[in-house]
Structures are given as C-alpha cells and as structure tokens.
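# Fold and geometry: a report
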Amino acid sequence: MTSTTLSCPTCATPLTLSDKSLSCSNNHCFDQAKQGYFNLLLSNKKKSKQPGDNAEMVAARHVFLETGIYQPISDALNQVCREHLPTTKLATSQSANTILDIGCGEGYYTNRLWQALADQEQASEECTYQDYTGQKPANKNTLELIGLDISKDAIRFAAKRNKDITWIVASGAEIPVSPHSQQLITCLFTRLMPEGMAKALATSGKLVVVTTGKQHLLEMRNVLYNDVKEQFMNPEATLNSLFNKVTEQTVQYQHTLISQNQISSLLAMTPHQWRAPESGRLKLQSLNELAITIDVTITVFEPIPRTV
Ligand SMILES: C[S@@+](CC[C@H](N)C(=O)[O-])C[C@H]1O[C@@H](n2cnc3c(N)ncnc32)[C@H](O)[C@@H]1O
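Residues numbered from 1 in each chain as written. Predicted model: local features only at pLDDT ≥ 70, side-chain atom pairs only at ≥ 80, totals over all residues. Heavy atoms only, no water.

Under the annotation held in an unreviewed UniProt entry, the chain carries the name Methyltransferase domain-containing protein and is attributed to Litoribacillus peritrichatus.

## What to know about the overall build of the chain
This is how it is decided: Runs of E in the DSSP output that reach at least two residues are strands. Runs of H or I that reach at least four are helices, and both are numbered from the N terminus. Two things to know: the radius of gyration comes from C-alpha atoms, and the globule rule equals 2.2 Å times the number of residues to the power 0.38. Each residue is placed in one exposure class: buried if its accessible area under a 1.4 Å probe, protein chains only, is under 20% of its type's maximum, exposed if it is over 50%, and partly exposed if it falls in between. When checking whether two residues touch, look at their non-hydrogen atoms; a contact exists if any pair is within 4.5 Å. For accessible areas, the Shrake-Rupley method is used with a probe of radius 1.4 Å. Any residue's cover is judged against the shown protein chains and nothing else.
For the chain, the count of helices and strands is eleven helices and eleven strands. For the chain, whose C-alpha radius of gyration is 20 Å, the value lies close to the compact-globule estimate of 19 Å for 308 residues. With respect to the principal axes defined by its C-alpha atoms, the chain has extents near 60 × 50 × 40 Å. Buried residues in the chain amount to 49% of all 308 residues. Taking all contacts inside the chain whose residues are at least 6 apart in sequence as the whole, residues at least 24 apart take part in 71%. If you sum the accessible surface of the chain, you get close to 15400 Å²; carbon and sulfur atoms cover 48% of it.

## A short note on the site of the ligand
Rule in force here: In these notes, residues near a molecule or strand are those with any non-hydrogen atom within 4 Å of it. Polar contacts, as counted here, are pairs of nitrogen or oxygen atoms within 3.5 Å of one another; within protein the pair requires one atom able to donate a hydrogen and one able to accept it, and residues that are adjacent in sequence qualify only if both atoms are side-chain atoms.
If you check the shell around the ligand, you find 20 residues, and the closest are Asp53, Gly103, Asp149, Gly172 and Leu188. A distance of 2.7 Å separates a nitrogen atom of the ligand from a polar backbone atom of Gly103. In this structure, Thr190 approaches the ligand through a side-chain N or O atom, which is 3.5 Å from an oxygen atom. When residues of the shell around the ligand are traced back to their parent elements, those giving at least two are helix H1 (55-66) and strand E6 (143-149).

## Some words on the nonpolar core
Buried together is how nonpolar side chains tend to be arranged in soluble globular proteins. How we decide: The set of buried Ala, Val, Leu, Ile, Met, Phe, Trp, Tyr and Cys residues whose side-chain atoms join them within 4.5 Å is what this entry labels a nonpolar core.
Among the nonpolar cores identified, the biggest contains 52 residues, and Tyr70 and Leu266 are the most heavily contacted of them. Setting aside residues up to four positions removed in sequence, Leu266 forms contacts with Phe64, Tyr70, Leu217, Met220, Leu257 and Ile292. Within the second largest apolar cluster, 30 residues are counted, among which are Ile175, Cys187, Leu239 and Phe243.

## Comments concerning the side chain of His272
In this structure, His272 sits in helix H10 (residues 272-275). Excluding residues within four positions of it along the chain, His272 makes contact with Met220, Arg221, Leu224, Tyr225, Gln231, Leu267 and Arg281.

## Concerning the pairing of strand E5 (residues 97-102)
Condition: Following DSSP output, two strands are said to pair if at least two bridges run between them.
Counting buried residues in E5 gives six out of six residues, a clear majority hidden from the surface. Strand direction decides the pairing type here: E5 and E6, joined by six bridges, are parallel. When the bridges of E6 are listed, Asn97 appears paired with Leu143.

## A word on the UniProt feature "domain: 23S rRNA (guanine(745)-N(1))-methyltransferase N-terminal" (unreviewed entry) in the chain
Quick reminder of the rule: UniProt positions are given in the numbering used here, feature names are shortened, and annotations may be inferred rather than shown by experiment.
Residues annotated by UniProt as "domain: 23S rRNA (guanine(745)-N(1))-methyltransferase N-terminal" (unreviewed entry) correspond here to residues 7-49. Split by type, residues 7-49 is 0% helix and 26% strand. Its first and last C-alpha atoms lie 24 Å apart.

## A few points about the packing of aromatic side chains
Definition in use: Stacked, tilted and edge-to-face are the three classes applied to pairs of Phe, Tyr and Trp rings, where Trp contributes its six-membered ring and a pair requires centres within 6.5 Å; stacked means planes under 30 degrees apart, edge-to-face means over 60, and tilted covers the rest. Here, over-ring charges are defined by two tests on the NZ atom of lysine or the CZ atom of arginine: distance to the ring centre within 6 Å, and angle to the ring normal within 35 degrees.
In this structure the tally under the stated criterion is three aromatic pairs. Ring centres of Tyr108 and Tyr109 lie 5.1 Å apart, and the angle between their planes is 85°; this geometry places the pair in the edge-to-face category. Ring pairs connect the aromatic residues Tyr108, Tyr109 and Phe189, which therefore count as one cluster. It is Lys160 that lies over the ring of Phe157; its NZ or CZ is 4.6 Å from the centre.

## Regarding the sheet that holds strand E11 (residues 290-303)
The cut-off we apply is this: Note on geometry: axes are C-alpha line fits, over the in-contact stretch for helices, and angles between N-to-C directions span 0 to 180 degrees.
Strand order across the open sheet formed by eight strands is E4-E7-E6-E5-E8-E9-E11-E10, with mixed pairing between neighbours. The sheet is open, and its two edges are formed by strand E4 (38-39) and strand E10 (243-257), each paired on a single side. By the bridge criterion, two bridges tie E4 to strand E7 (residues 166-169) in an arrangement that is parallel. Among the inter-strand pairings, Asn39 is bridged to a residue of E7, identified as Val169. Against the sheet, helix H5 (residues 152-159) contacts E4, E6 and E7, and its axis sits at roughly 170° relative to E7.

## A few points about the environment of Ala200
Take Ala200: it is sitting in helix H6 (residues 194-200). Residues Ala200 and Ser178, spaced 22 residues apart in sequence, show a C-alpha to C-alpha distance of 6.7 Å. Beyond its immediate chain neighbours, meaning those up to four positions away, Ala200 contacts Leu100, Ile175, Val177, Ser178, His180, Ser181, Gln182 and Ile185.

## Digging into the sheet that holds strand E2 (residues 21-23)
Across the sheet, which stays open at both edges, the three strands sit in the order E1-E2-E3 with antiparallel pairing between neighbours. On the outer flanks of this sheet lie strand E1 (16-18) and strand E3 (29-31), each paired with one strand and no other. The average undirected angle you get between the axes of adjacent strands in this sheet is 25°.

If you want it as structure tokens, here you go:
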C-alpha cells in the first residue's frame, strides 16, 4: 500500500496514486520504478551525482544485517515503537498509523518494524473481533510505513523487502510528506536533520533515534587505529531546540564474528572503511575471528509545543 501522506516535492500539495504513478493537483508526476519505489528527490536538490551510501556500502550492510547479529537492536527498537504508538488506534481506528523511517538504508530495520507492528495489529483485530463485536472487522489499512533514503542504491535494495512499505528516494532535510502527518519517526545511525523531522512529525508524535555509544565496536577500532578516539553521538545536543527527551535506553551486548567475510562486511558498512589507515585495515583483513561489543542508545523525543 502507498502512504496517503506523501506530498509533491515541487509544490508541496498532496500526491495521489493512480496507475503506478503519483501526481498532485498541479500535474507534477512521479512514476513508480519497476522495483516498486518512487524517486521524489528533485535533481536540482542533489548535492552530488549519487548522494548517500553507494552500492558497495549498501550491499555490505545487507550482508552483515542478514547475519542477524544486530537483531537485538531491531527487537528493542520495535518494542519502543510499539510502546509509543497510540495502542487504541492499532486496535480500533479506521485511520492509519503513519510511520516514517529516515535514512532507512537497505530496509532491514524498516521491514522488521513493519512485521512487528502488522503482527500486533492482527492480534488486536482478532481480539476485538472475538471479545466485543461478534463480527469480522472490515478490511482496515491501519499501518502506513514510509522508508526514506537519499541513496537510490539503498532504496532499490529496500524495495525488494516488502511491497506494503512505501519506499522513497528523498532527503531527510526536505521530507515530501504533509506537515505534521507522521505519528512516529525513526532514525537509525543517520545524520539528524531536526527541522525536517519537526515539520513532518505530528504535534503529539514521537521521534525515535538510535545512535552508537562509547563502547560500540571498540575492539574493531582498536585493531584499526593506533590511537582510538572516544566516539559517541549525543542526539540531544542536536535536537534540543525543537525536541524534548522522553526516554532513553541502552542496548549493549557482545558477539564474536566468526569469519573474515563478517568482519569485512561490518567494516564496509561503517565510515572506518574510508577513514581508517591502510595499516589498520590490513591488520583487520588478517583476522578470521573478532569479538565485538555492540553498544547503542535508543532515545525517544517529543516535539516542544509551539505557540502560534
Ligand atoms: C549508516 S546508514 C544507516 C542505514 C539504516 N538506518 C541502517 O541502520 O541500516 C545511513 C543512511 O543514511 C542515508 N542518508 C545520508 N544522508 C541522507 C539524507 N540527507 N537524507 C536521507 N538519507 C540520508 C545514507 O544513504 C544511508 O543509507
């Protein structure tokens, strides 16, 4: 299903889908690619020919994420999202729960979030049907999930994962959705663009941000660099003019990578691939096993109320 909240990147009026094409009342038209996604990134808004992650990084991320090593992050994210979506809506309302994943990459987390919420929705519908109505509920579309990334290579990959998600190429700086239309925005390991997020998020909505902590991949960084710098991102510092922090939780665990393939795909999906010195990369290439610490923080924010 295609999200009903998309808006035209040229004139900002609502986009509607007809015959595999999105169009607005001013006749701006965006055809669906054969892989199923829409390219809503105008060429005059591109800062480079191929913005975002390139095909090699996307493929490496795909290989690594498919090992399931980061699944605890995805499970924790899904739980946080379930807690912060209006539950009555999941069970009873005809209107959709609107969710946007900014910088969705090749769609691993987006797709798992969709599965988790769709399962929950189905369970609540069955419960409502059995307990209260005695009638089978009408066919409801109560989940509209958009995966957005500036990289066409990433979205091409993501679009193969799930046809029920709306996959779009667009920038998180200028998000082509109706103002304040998203009940939940997620942003994992991606640069935060507070203005775009605040404009897209419903005034009662929540922003869920996943960032790396101080211990994250420390063992790999110890191999790559002689002098390891302390590295972590504090999302509050970037967001605090527009958002208040609501909750924060850490997901931290150890895992042993058991092949050079796992080690090299992990490296290739991180900025260390081009940042680390060659000597460090060669040292890493000689390993067939590496114990790593995974240390990420999931922070939930809400918009600061604005007086008009
Ligand atoms: C580190 S990856 C994370 C991908 C995904 N969230 C994950 O964790 O698997 C960062 C992603 O942000 C995308 N990105 C970078 N700048 C962006 C922008 N201005 N708008 C939207 N996406 C952007 C990149 O193309 C890349 O796919």
